[in-house]
Every structure is written in structure tokens, then in C-alpha cells.
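Now for the letters of each chain:
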2 protein chains.
Amino acid sequence: MSTDLSMTSYALLGLLALDARTREEGLTGYEIKQRADRTMRFYWTSPAMSQIYTELDRLAEADLVMSQDAAEGRRRARRFTLSETGLATLEEWLATPPEDPIPVLKHPVALRLMLGAMASPESTIGVLDDYLEQLSRRREELQQVRALLADRHEARYPARVAQWGLSYFDSEREIAEQLRKDIHDNG
Amino acid sequence: MSTDLSMTSYALLGLLALDARTREEGLTGYEIKQRADRTMRFYWTSPAMSQIYTELDRLAEADLVMSQDAAEGRRRARRFTLSETGLATLEEWLATPPEDPIPVLKHPVALRLMLGAMASPESTIGVLDDYLEQLSRRREELQQVRALLADRHEARYPARVAQWGLSYFDSEREIAEQLRKDIHDNG
DNA sequence: TGTAGCATGTAAGCCGTTACATGATTGA
DNA sequence: TCAATCATGTAACGGCTTACATGCTACA
């Protein structure tokens, strides 16, 4: 058990596990991508389609997922479900606390801000404004996801994660506005 | 000009640019790594030593940095400084607002929380507690960096970035505590 | 005298992306 | 009938990490 998968593998197993609670047929690679785009991208990444298929092949090879070709009449499709080994692997992973739980953050705006002294205050403020705009757009998207999950007891954990994301966006908005003002006032 | 470098390349150019304002000799790869470990890792990544050397070679090849072998007597070392082209490239990059300014966040704790329903509340709370502990450790480290920069006018932009990081840690602490309580109360 | 820190590099390999290619089905 | 969406895959490559290898210098 547990040939040490990548985080993204566990994430895919997780999406399958979540789905298994409400459906039986499993998910196609395409559908997994949609789920990832809708929620996972906010606190992880949404892997490229090609990677999802590659990853699913690898997981199938390791007997962590089972694939089943589409029923006749329908468009060609492979539907993936968690195997028992897959479920056990996922549960084992969940029970093992992460060695280094600090998130990896790659913040292009902060990177630029570091060099703000090399640019005009106006252009730095412009970058912050762009960021603020993107933030509110993203926040709204996530807010809609959150709304779909609200009050569904089985979805309370995903709802909490969405809440986390909203809180992050709010905090970013606040500090970006503060820094904007600071730069405006003090250069 | 501008053969489209990776973000990390710009980050390295940025570290060289910051250093150039107070020193003339430039930095060794080793010293760049130290700078990156001290500050950059909080909002970007601190690249592996091997990558820094590889990257510096590439930048030197493109005439964006100049390397100079150590003066005699000293231990063998290559010191890197920004070239004029390098400075121009960096300034051009700074003037071009990022196409997609949303940070990439890979949050292993949020990923696990998404699947909290598969584990016991106690174990999920344990993960959050570990996270909170790491957070406060990290916060303290950054606080010290921040303290070093405080009140030095030339360092006001790096100080702002540090401030940003502190605000992020604070926000994370708050939401993690809230969610911890929520899970404790409602499972 | 020996260990920690300074300093540089090569090799192998993983993870993930973009670009490309193919084809079926639905609905306007 | 034509575009959008569903659906799957291959190839090439970039970025970054770990592991490994080497050697000097300061200092306890």
C-alpha cells in the first residue's frame, strides 16, 4: 500500500471519493476536470486535462481506481471509480498529518511590490488595482460555489474550504487596499 | 530584448537589483540563496541552489547579468551583478502588469479539509492544530525580517511585502481557528 | 584537527504545461 | 449544417527538486 503518490493524485482520489457519496457511475476525466475547475482551483490547482488522463492511467495501473468503458449507445467514455485499495490509500493519507503544512504561495503581485522602488508609485498602484479587480471577480465565483454548498450537511467540509477561500480573498483585498493607500500617501 | 524569462528569473534579477543599491560587488549564488531564504520564500519560492546556479548561467548567457571571478586570496567565487540590459529588462517587466495577477496557492491543509468527512473530527482538528503551530512559527520568522526592514526608507517596499505576509499569516490563523471551532461544535 | 559553513556544480527524474490530433453528440 | 461541448489521448518540453560530488576556509 501507498507507493507515495503526488499530492495531485490524492486530490483526484479525493474528488472521486466525494462524488462516490452521491453517484455510483463514477466520473470521466472530463468531468473530473470540471469539478477541479469549479472548486479545487481555489486552494490547489486544476490540473490540465492531459495530466488528469495520464494520472488516471497511473492510478488505474496501481489499482487505486477502476475504469469502466461507457455503456453502449453513449459517446465513448471511461468512467472512473475509487477501488477499495484506493479508498484505503486515501484514508491512510488523510490520517497522516502533512509533514510541512505551510501552503506554497506564488504571489506575482507581491513579487513586483518588492521592487516597487524601481517603478513609479502610479504604476505600482495600477498593479494593485488590477489585482483588486481580479480578486473581486474570483471572490464572486467562489461565492457562487459556496452558495451551492450551503446548508447541505453532507457538503459541510467542502463548504468550509470554500469559506476559507472567501476569507483569504477578503484578507487579500484588505491588505492590498491598505498598501495601496500607504503607497499613495508615502510613495 | 525580453526573451520572456520565467518568473523565477525575474525574481533573481530583482534580488540583484535590490542588492545593487547598497553594495557594488554583486552577489554569489550562495548569497542569493540566503536572500531568497530570508524573504522571498514567504511569497514566492526559494529555488534550490542548483537551480539558482543554472539560472544564473542562463542569465549570464543572455547578458542580463555579469559574472566576475573572485579577487585573489579569497575563496573561489563568482559574483553576479545586473548588466544594463538586465536592468532594462527588469524595468520593462515591472512596467508590464501581470496578465493573471492571482497568486497560485497550493494549500495541503485545505485539500485535506475538503475530505474531512472521511476522517474523524479529532484528526481533522489535529491537522488544523499542527497548521496553527507552523503558522505562528513562520509568522515569527517573518516578523523578525520585518523588524530588520522597519524604518529604513530605502527598504520600504520590501517592508510592505513583509507586512503583506504577516497579514496573510494572521488571516490564516483566524480562519483556521474559526473552522477548528466549527468542526469541534458541529462535527 | 575536525566540523560547520561557504561555494559551485552535474545528473536523473518528476510534475505539469502547451500544442497538437482525433472524433462523437447536441442543439440552434 | 455548423458550432459548441463532450471526450480522450500523444509529444515535446520547461521548471524545479533531490541526490550526488567536490573542495576551500574559519574557527572552536
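Higher on the page you've got the structure.
What counts and how
Residues numbered from 1 in each chain as written. Chains lettered and ligands numbered in written order. Predicted model: local features only at pLDDT ≥ 70, side-chain atom pairs only at ≥ 80, totals over all residues. Heavy atoms only, no water. Near = heavy atom within 4 Å. Polar contact = N/O pair within 3.5 Å; in protein donor to acceptor, adjacent residues only side chain to side chain. Helix = DSSP H or I, 4+ residues; strand = E, 2+ residues; numbered from the N terminus. Least-squares fit on C-alpha atoms with pLDDT ≥ 70 in both. Contact = heavy atoms within 4.5 Å.

Enquirer: If you had to explain the protein's contact with DNA strand D to someone new, which residues and values would you point to?
Expert: Neighbouring DNA strand D are 21 residues, the closest being Tyr-30, Tyr-53 and Arg-78 of chain A together with Gln-51 and Arg-75 of chain B. Taking all atoms of DNA strand D within 4 Å of the protein, the share assigned to sugar and phosphate is 75%. Here Gln-51 of chain B contributes a side-chain N or O atom positioned 2.6 Å from a phosphate oxygen of DNA strand D. When residues of the surface near DNA strand D are traced back to their parent elements, those giving at least two are α2 (29-38) and α3 (49-61) of chain A together with α3 (49-61) of chain B.

Enquirer: Report on the relation of the copies chain A and chain B, specifying residues and quantitative values.
Expert: In screw terms, the move from chain A to chain B is a rotation of 180 degrees and a rise of 0.0 Å along the axis, fitting with an RMSD of 0.0 Å. Read as a symmetry element, the transformation amounts to a two-fold axis. For chain A, the minimum C-alpha distance to the rotation axis belongs to Leu-105 of chain A and amounts to 2.4 Å. Interface residue correspondence from chain A to chain B reaches 100%, placing this contact among same-surface, isologous pairings.

Enquirer: Explain unusual backbone geometry to me, using residue names and the numbers behind them.
Expert: Its identity as a non-glycine residue notwithstanding, Asp-151 of chain A has a phi of 70 degrees, on the positive side. If you trace the backbone, Asp-151 of chain A turns up in the loop between α6 (121-149) and α7 (156-186).

Enquirer: Describe the environment of Thr-54 of chain B, naming the residues involved and giving the relevant values.
Expert: In this fold, Thr-54 of chain B is placed in helix α3. In the structure, Thr-54 of chain B is positioned 25 residues away from Gly-29 of chain B in sequence and 9.8 Å away in space, judged by C-alpha atoms.

Without other data, these values stay purely geometric and don't point to any function.
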